[in-house]
Amino acid sequence: MDILKLRNDFPVLRENKELAYLDNAAMALKPDCVINAVNNYYEHYGVNVHRGVYQLSYEATDMYEEARNTIASFINASFEEVVFTRGASQSLNLVASSYGLHNINPGDEVITTELEHHSSNMPWFNVCKVKGATLKYVPLDSEGRITVDAFKSVLSNKTKVVAITYVSNVMGYVTPIKEIIKLAHEVGAIVSLDGAQAVPHMNVDVKDLDCDFLSFSGHKLCGPTGIGVLYGKKELLDNMEPIEFGGDMADTVTKTSQTYKATPYKFEAGTPIIAGAIGLAEACKYLKNIGLDNIAKYEKSLRDKAVSLLKEIDGVTIYNPNAETGIIAFNIDGVHPHDAASVFDDHKVCIRAGHHCAQLITAWLNTIGTVRASFYFYNTEEDIKKFIEGVKAAKDFFSQF
Ligand SMILES: Cc1ncc(COP(=O)(O)O)c(C=O)c1O
């Protein structure tokens, strides 16, 4: 990978040469090709899809549906298994509200974990409350990881759904998901996988994983905001009820009955996120061209270098020294994470601080929040240098008080 050449694809990096952007777990920057694809749609089309009976609309429809094809092949899914949503949160909620509310019954069990983003576990908390089911948590090991043995300890014949993250947005751990999916299927449970932190950073193949649902957001993989994907196995989507009703998803509507289009359209009520889908497809092509394996390897090498330098600084607690992805969770002892983040900002280092919409793991770590640095393929050793200077500056500044 020619990192300097890749960096030049990003207007924000071209315009802010001093910036160390280390908030990639929250959102990735956008390359020219994605911005151009979105602009191209607005400049040269800007019309609705599916419903227009004229050439411009036919062409826009082709672009929109071709985007679905590209995204499907990015995760090795079929065209009709890719539902466009507003983002991972909406995808995860769709599974809970459609599959969950119709298939979970009193006495059933849903398994989740303390490593979940709120968008993954909260919808199932609600389903369990409404349906009289039990939400069970996989006990984490001493490092805060999900293990296969711990998963087995909560799995039973009562388990109907496993709502679980592929990569934790706080700890950066990769869940041993293939084994977990296999075990879940053995008891007849389905698995709703939160891929928001996985799909942008590693090869994800839904057929190989055999997951039932996979949710992710476009904006974390260099795509536009406001677009996300729900992958679902066709036989599951076929049997699920829509949760939003209206334009474009309807087949036949009379005063006494209504029928819906086939999946994925029955889940896409209203004017779709046309520019978002087109931009996301461009982002998928861009990442595929770089190579997801290259990206994963490079990010890991950056985080390992950063962690070894961080370890040399006294008074820093690293919560995930052995994580396998580009996320570092840490605190400067005695310094509130938000205070630390503002010193980083003074040093032109963008990082995240707080509970990262994952209060369960924050409580498990017995802290009020963490500082999170997260790498992507366009980060450099220079960014690490600035990051370490930021840590030292924050530590020095707050040691006065
Ligand atoms: C693991 C994980 N799941 C779900 C989400 C929700 O994504 P979005 O806010 O794009 O819907 C995030 C966002 O940070 C995340 O990190």
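Heads up: these notes are all about the structure in this document.

Time to look at the overall build of the protein. A tally of regular secondary structure across the protein gives 15 helices and 15 strands. Taken against the 2.2 N^0.38 rule, which gives 21 Å for 401 residues, the C-alpha radius of gyration of the protein at 22 Å falls within 12% of a compact globule. Summarising its shape, the C-alpha atoms of the protein cover approximately 75 × 55 × 35 Å along the three principal directions. Buried residues in the protein amount to 57% of all 401 residues. Counting contacts in the protein only where the partners sit at least 6 residues apart, residues at least 24 apart contribute 71% of the total. When the accessible surface of the protein is summed, it comes to about 16600 Å², and 50% of that surface belongs to carbon and sulfur atoms. Taking the 38 positively charged and 50 negatively charged side chains of the protein as two groups, their mean positions are separated by 2 Å.

Okay, the side chain of Gln197 next. By secondary structure assignment, the location of Gln197 is in the loop between strand S6 (190-194) and helix H9 (206-209). We classify Gln197 as buried; its relative accessible area is 7%. Only 2.9 Å separates the side chain of Gln197 from the backbone oxygen of Ala25, close enough to count as a polar contact. Apart from residues no more than four positions distant in its own chain, Gln197 is found in contact with Ala25, Val167, Asn169, Lys220 and Ile327.

So, about the site of the ligand. Neighbouring residues of the ligand: Gly87, Ala88, Ser89, His117, Ser119, Asn169, Asp194, Ala196, Gln197, Ser217, His219 and Lys220. In the environment of the ligand, an oxygen atom lies 3.5 Å from a nitrogen or oxygen atom belonging to the backbone of Ala88. Here Ser89 contributes a side-chain N or O atom positioned 2.6 Å from an oxygen atom of the ligand. Protein contacts shield 85% of the accessible area of the ligand, which totals 390 Å² for the unbound molecule. Its residues placed into classes, the shell around the ligand shows two nonpolar, eight polar and two charged.

What follows covers helix H15 (residues 381-399). Here H15 spans 27 Å end to end across 19 residues, near enough to the 27 Å set by a 1.5 Å rise per residue. Taken as a whole, H15 has its buried residues at Asp383, Ile384, Lys386, Phe387, Ile388, Gly390, Val391, Ala393, Ala394 and Phe398.

On to the nonpolar core, then. If you look at the biggest cluster of nonpolar residues, it comprises 85 residues, and the most contacted ones within it are Leu214, Leu221, Leu287 and Phe377. In this structure, this core is formed jointly by two domains, domain 1 (3-30 + 291-399) and domain 2 (34-289), each of which donates at least three residues. Dropping the residues within four chain positions of it, Leu287 is found in contact with Phe74, Pro200, Leu221, Cys222, Leu292, Ile295, Tyr376 and Phe377. Tyr298, Val335, Phe344 and Val391 belong to the second-largest nonpolar core, a separate cluster that totals 30 residues.

This part is about the sheet that holds S6. The seven strands are arranged S2-S8-S7-S6-S5-S3-S4 in an open sheet whose pairing can be described as mixed. The sheet is open, and its two borders are formed by strand S2 (82-85) and strand S4 (134-138), each paired with just one other strand. For this sheet, the mean angle separating the axes of adjacent strands, direction not counted, is 20 degrees. Where strand S3 (residues 109-113) lies against strand S5 (residues 159-165), three bridges are found, and the strand directions are parallel. Looking at the pairing, Ile111 lines up with Val162 of S5. Contacts from helix H5 (residues 88-103) reach S2, S5, S6, strand S7 (213-217) and strand S8 (228-232) within the one sheet, and its direction differs from that of S7 by about 150 degrees.

Conventions used here
- Residues numbered from 1 in each chain as written.
- Predicted model: local features only at pLDDT ≥ 70, side-chain atom pairs only at ≥ 80, totals over all residues.
- Heavy atoms only, no water.
- Helix = DSSP H or I, 4+ residues; strand = E, 2+ residues; numbered from the N terminus.
- Rg over C-alpha atoms; globule rule 2.2 N^0.38 Å.
- Buried < 20%, exposed > 50% of the residue type's maximum accessible area, 1.4 Å probe, protein only.
- Contact = heavy atoms within 4.5 Å.
- Areas by Shrake-Rupley, 256 points an atom, 1.4 Å probe, with all protein chains shown as cover.
- Lys, Arg positive; Asp, Glu negative; His and termini not counted.
- Charge placed at Lys NZ, Arg CZ, Asp CG, Glu CD.
- Polar contact = N/O pair within 3.5 Å; in protein donor to acceptor, adjacent residues only side chain to side chain.
- Near = heavy atom within 4 Å.
- Nonpolar A, V, L, I, M, F, W, Y, C, P; charged D, E, K, R; others polar.
- Expected span 1.5 Å × (residues − 1).
- Core = buried A, V, L, I, M, F, W, Y, C linked by side-chain atoms within 4.5 Å.
- Domains from an automatic or database assignment.
- Pairing = 2+ DSSP bridges.
- Axes fitted to C-alpha atoms, helices over the stretch in contact; angles between N-to-C directions.

Functional significance is not addressed by these values, which are geometric in nature.
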